[in-house]
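Chains, contacts and geometry: an overview
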Amino acid sequence: MTKSQESWPGEIPPREKLLQQGAKGLTDQELLAIYLRTGCQGVHVMELAKNLLEEFGSLHKLLMADFDSMAGVKGMGVAKFAQLAAVSELSRRSYLRHLNAENAMLSPEIIREYLQNLLVFREREVFLVLFLDNQHRVIRHEEMFAGTIGHVEVYPREIVRGAMKVNAAALILAHNHPSGRAEPSLMDRKVTEQIIRACQLLEIRVLDHLVVGHGETVSFAERGWI
């Protein structure tokens, strides 16, 4: 047994496992342990990674946590919090820059992953708009309306006004269902129709409306509703 294997619980250290199997072959705990690099006195880094995932419930919730929440876990300080906050922001920027450079409609999975990261664990409904140019590249995204756990008021004229400000040619709409079930409601469909009608007056196309739940996203375009 090598010295590095002795220092890691389990059959093979995560870094060696990554080199042998690729990053996709590692668990969330193993990937997190590699990123954290060290534990603290009396707490191995693998145990620290396990404690963090158990405390927050998922890797995504962990990456969205603030410092006060994270500091409650033994072994977490400013430096490790800064590391995780930085990697979370890098991931978000990577998705967004991909969408800024390419036709968004050619990257449906990237859009779904991006919106899941932004919206899936919000405790209240949030209505977001992706503003696109005439080549369907993302100009910007904006969280335009926020509501309660089960409802958000949406004003089509504000969406049109936002589109005019950035000279958008098309839009992708999105909102979350904090309940976790992504199935659109009748009100979701009515609001979408109102937004489409308002945008048609200025020849702005609504390409899709995505409803984000826990681990699932429903597309109005795929349903044939747009």
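Residues numbered from 1 in each chain as written. Predicted model: local features only at pLDDT ≥ 70, side-chain atom pairs only at ≥ 80, totals over all residues. Heavy atoms only, no water.

By the naming in an unreviewed UniProt entry, the chain is UPF0758 protein BV494_17215, taken from Rahnella sikkimica. Here the chain is described in UniProt, under the heading Sequence similarities (unreviewed entry), as follows: "Belongs to the UPF0758 family. YicR subfamily." (UniProt positions renumbered as here; feature names shortened; annotations may be inferred.)

**Let's talk about the sheet that holds strand β5 (residues 217–219)**
Strand pairing in a sheet is mediated by backbone hydrogen bonds. Such pairs are either parallel or antiparallel. One open sheet accounts for five strands, arranged β2-β1-β3-β4-β5; its pairing is mixed. Edge positions in the sheet fall to β2 (138–146) and β5, since each of these pairs with one other strand and no more. Taking the axes of each pair of neighbouring strands and ignoring which way they run, one obtains an average angle of 20° across the sheet. As judged from the seven bridges shared by strand β1 (residues 126–132) and β2, these two strands associate in the antiparallel manner. The residue bridging L130 from the neighbouring strand is H141, located in β2. Helix α9 (residues 156–165) rests against β1, β2 and β3 (170–176) of the sheet, and its axis sits at about 30° to β1. The strands touched by helix α10 (residues 186–200) within the sheet are β1, β3 and β4 (205–212), with β4 carrying the most contacts at an inclination of about 160°. (Pairing = 2+ DSSP bridges. Helix = DSSP H or I, 4+ residues; strand = E, 2+ residues; numbered from the N terminus. Axes fitted to C-alpha atoms, helices over the stretch in contact; angles between N-to-C directions. Contact = heavy atoms within 4.5 Å.)

**Points about the environment of L202**
In this fold, L202 is placed in the loop between α10 and β4. For L202, a relative accessible area of 42% translates into the label partly exposed. Distance from L202 to E183, taken between C-alpha atoms, is 30 Å for residues 19 residues apart in sequence. The contacts of L202, once residues within four sequence positions are left out, are V160 and M164. (Buried < 20%, exposed > 50% of the residue type's maximum accessible area, 1.4 Å probe, protein only.)

**Here's the deal with the domain arrangement of the chain**
Taken domain by domain, the chain consists of domain 1 (14–94) and domain 2 (105–223). Between domain 1 and domain 2, the C-alpha centre-to-centre distance is 31 Å. A combined buried area of about 490 Å² lies between domain 1 and domain 2, and 66% of that area is made up of carbon and sulfur atoms. Taken together, domain 1 and domain 2 are joined by zero salt bridges. Summed over the shared surface of domain 1 and domain 2, the number is zero residue pairs in polar contact (both at pLDDT 80 or more). Breaking the side of domain 1 that touches domain 2 down by element, the ones donating at least two residues are α5 (59–64) and α7 (78–101). Among the elements that take part in the side of domain 1 that touches domain 2, α5 stands out by supplying three residues, more than any other. The residue inventory of the side of domain 1 that touches domain 2, partitioned by class, reads one nonpolar, three polar and two charged. (Domains from an automatic or database assignment. Buried area = accessible area lost by both parts, 1.4 Å probe. Salt bridge = Lys/Arg side-chain N within 4 Å of Asp/Glu carboxyl O. Polar contact = N/O pair within 3.5 Å; in protein donor to acceptor, adjacent residues only side chain to side chain. Nonpolar A, V, L, I, M, F, W, Y, C, P; charged D, E, K, R; others polar.)

**Section: the pairing of β1**
When you tally the buried positions in β1, you get seven out of seven residues, the bulk of the element. Residues of β1 alternate between two faces, with V126, L128, L130 and L132 on one and F127, V129 and F131 on the opposite face, all of them buried. Hairpin connection, β1 to β2: the antiparallel pair is bridged by five residues, and H136 has positive phi, about 65°. Taken together, the six bridges between β1 and β3 define a ladder with antiparallel strand orientation. Pairing of L130 across the sheet is with I172, part of β3.

**A closer look at the packing of aromatic side chains**
Evaluation of the coordinates by the stated rule reveals four aromatic pairs. Arranged with centres 5.4 Å apart and planes meeting at 70°, the rings of F67 and F81 form a pair that is edge-to-face. Of this pair, F67 sits in helix α6 (residues 67–70) while F81 is found in helix α7, placing the two residues 14 residues apart along the sequence. Its relative accessible area of 31% is what places F67 among the partly exposed residues. Measuring from ring centre to ring centre gives 6.1 Å for F127 and F145, while their planes differ by 55°; the resulting arrangement is tilted. Of the two residues, F127 is situated in strand β1 and F145 in strand β2; the sequence distance between them amounts to 18 residues. Of the aromatic side chains, those joined through ring pairs into one cluster are F127, F145 and Y155. Between R189 and the ring centre of W225, over which it is positioned, the NZ or CZ distance is 3.9 Å. (Phe/Tyr/Trp six-rings, centres within 6.5 Å; stacked < 30°, edge-to-face > 60°. Lys NZ or Arg CZ within 6 Å of the ring centre and 35° of its normal.)

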